[in-house]
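Structural features, examined
Each chain, written out:
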Amino acid sequence: MKKLTLAALLIGGFAAQAQAQSNVTIYGLVDAGLVSERGGVNGSVTKVTSGIGGQSRLGFRGTEDLGNGLSAIFQMETGFKADDGSLDSANTIFNRQAFVGLKSKDAGQLTIGRQYTMLYNAQSQVADPFGAGYAGSIKNLFPSAGANTRVSNAIVYTTPTAGGFSAEALYALGEQAGSATAGRQFGFGLNYAEGPLNARLVYNNKNNDTAAVGTTPAKIQDTGRNTMFAVNYDFKVIKAYFAYSADKGVNSAQIPVANAYGFAVAPKASTDSNDILIGAQIPAGNGYFMTSYIRKEDKTVNNQDANQFALGYLYSLSKRTGAYVSYAKIKNKNGAGYTVGNNNEAGSGDKAFNVGIRHAF
């Protein structure tokens, strides 16, 4: 009996030690509100929707101390729609993020799985005063759709931070039989964050080829290439934002809605364009105003330019709960077909108004 009691105490001690060395966090965001859109071919629409400022989500992340400054890490995150309770993506549970890896304070971090691209992280975390959400989202004109946001089968390495500098590299396998290059994607990022200054220079390259089927050769297409510089600086009385992107090749820029305005000739996605954003966050009361101006310059013969002006306000009810209102308008030129969306939706027209509430846990 004494031996059994001693064994139980030892097992209990080891279990407590293991628990102390591991940490798992459940987190999430619930964001819902009213969206009113105008200007599209199907007329005006007003709806209750989810994920206006940031996609409603449920996630799990954790870390285990492996000793000598090395930790095992993981993150799994699924999106859902707060307006009807459905999953954000059919037949995919962890559609937002799903990765596992190792982190060392001296050697950096290596992760494998479905992850954000450096391009989208720079847009949402540095470039955009709206954080890639609300009616003023940078995604309305900057290239942020599909694989420019997240990519599966990705290996990402991040260096340790030294003097405010860090670097990142991503390589995602296309995993298409018959070709080692079809569908692959890679990217790089150079980051600086110190005091009030936050800046990033990123590059993203997406191979658009489809793999060979039997003896049929793969379809050879131009790659989509995006280079972007983003910076913000906190002056305390105002936080200023700037971003510039050069987009070249097939799928380097997208039109999220195929022909939202019912043109006789549908708008064409540019294969050579520049994007510029100038914006600000201005503290006011128990929150802050958000505003930005975005211009897309199409350098192809189609010359389908567009510009967007946006204004919003986020009021903090607490550290985790906020209420918001936002408005944006796009002016399309020469048959361009860009729409005012939000974080979760592409939108249906050239004007949109949002009002809602979000709660993080």
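Up top is the structure these notes are about.
What comes next is a walk through the structure. (Residues numbered from 1 in each chain as written. Predicted model: local features only at pLDDT ≥ 70, side-chain atom pairs only at ≥ 80, totals over all residues. Heavy atoms only, no water.)

1. A look at the pattern of salt bridges
Counted under the stated rule, the structure contains nine salt bridges. Where K296 meets D247, a salt bridge forms, and the shortest distance between an N and an O atom there is 3.9 Å. Note that K296 is positioned in strand β14 (residues 287–298) and D247 in strand β12 (residues 239–248), a separation of 49 residues in sequence. In this structure D247 comes out as buried when scored by relative accessible area, which is 0%. Each of the salt bridges in this network shares a partner with another, and the network as a whole consists of E37, K47 and E345. (Salt bridge = Lys/Arg side-chain N within 4 Å of Asp/Glu carboxyl O. Helix = DSSP H or I, 4+ residues; strand = E, 2+ residues; numbered from the N terminus. Buried < 20%, exposed > 50% of the residue type's maximum accessible area, 1.4 Å probe, protein only.)

2. Comments concerning the nonpolar core
Ranked by internal contacts, the top residues of the largest apolar core, which has 40 residues, are Y134, I138, F142, L170, M228, L277 and Y338. Elements represented by at least two residues in this core include exactly α2 (118–127), β7 (150–158), β8 (165–172), β11 (224–234), β12, β14, β15 (306–316) and β16 (321–332). If you tally residues by element for this core, the top one is α2, at six residues. With residues near it in sequence (within four places) discarded, M228 still touches L119, A122, Q123, A127, F142, R200, L201, V202, Y244 and S245. (Core = buried A, V, L, I, M, F, W, Y, C linked by side-chain atoms within 4.5 Å. Contact = heavy atoms within 4.5 Å.)

3. Notes on unusual backbone geometry
Positive phi outside glycine occurs at N153, with the angle close to 55 degrees. Tracing the chain through its elements places N153 in strand β7. Residue classification places N153 among the partly exposed residues on the basis of a relative accessible area of 33%. Positive phi outside glycine occurs at N334, with the angle close to 55 degrees. Its location among the elements puts N334 in the loop between β16 and β17 (351–360).

4. Describing the environment of R57
By the element assignment, R57 lies in strand β3 (residues 57–67). Classification of R57 as buried rests on a relative accessible area of 18%. Beyond its immediate sequence surroundings of up to four residues, R57 is in contact with Y27, G28, L29, E77, T78, G79, F80, R96 and F361. Within the local environment of R57, its side chain forms a polar contact with the backbone oxygen of Q55, the two atoms lying 2.8 Å apart. (Polar contact = N/O pair within 3.5 Å; in protein donor to acceptor, adjacent residues only side chain to side chain.)

5. Focus on the packing of aromatic side chains
Summed over all chains, the structure comprises eight aromatic pairs. Pairing F165 with Y192 gives two aromatic rings, centres 4.7 Å apart and planes at 55 degrees, and the pair type is tilted. Here Y192 lies in strand β9 (residues 185–194) and F165 lies in strand β8, a separation of 27 residues in the sequence. For F165, a relative accessible area of 45% gives the class partly exposed. Relative to F235, the ring of Y233 has its centre 4.6 Å away and its plane inclined at 50 degrees; by these criteria the two rings are tilted. Accessibility expressed as a relative area gives 32% for Y233, which makes it partly exposed. Aromatic ring contacts, followed pair by pair, group F186, F188 and Y203 into a single cluster. When the ring centre of Y27 is taken as origin, the NZ or CZ atom of R61, which lies over that ring, is 4.0 Å away. (Phe/Tyr/Trp six-rings, centres within 6.5 Å; stacked < 30°, edge-to-face > 60°. Lys NZ or Arg CZ within 6 Å of the ring centre and 35° of its normal.)

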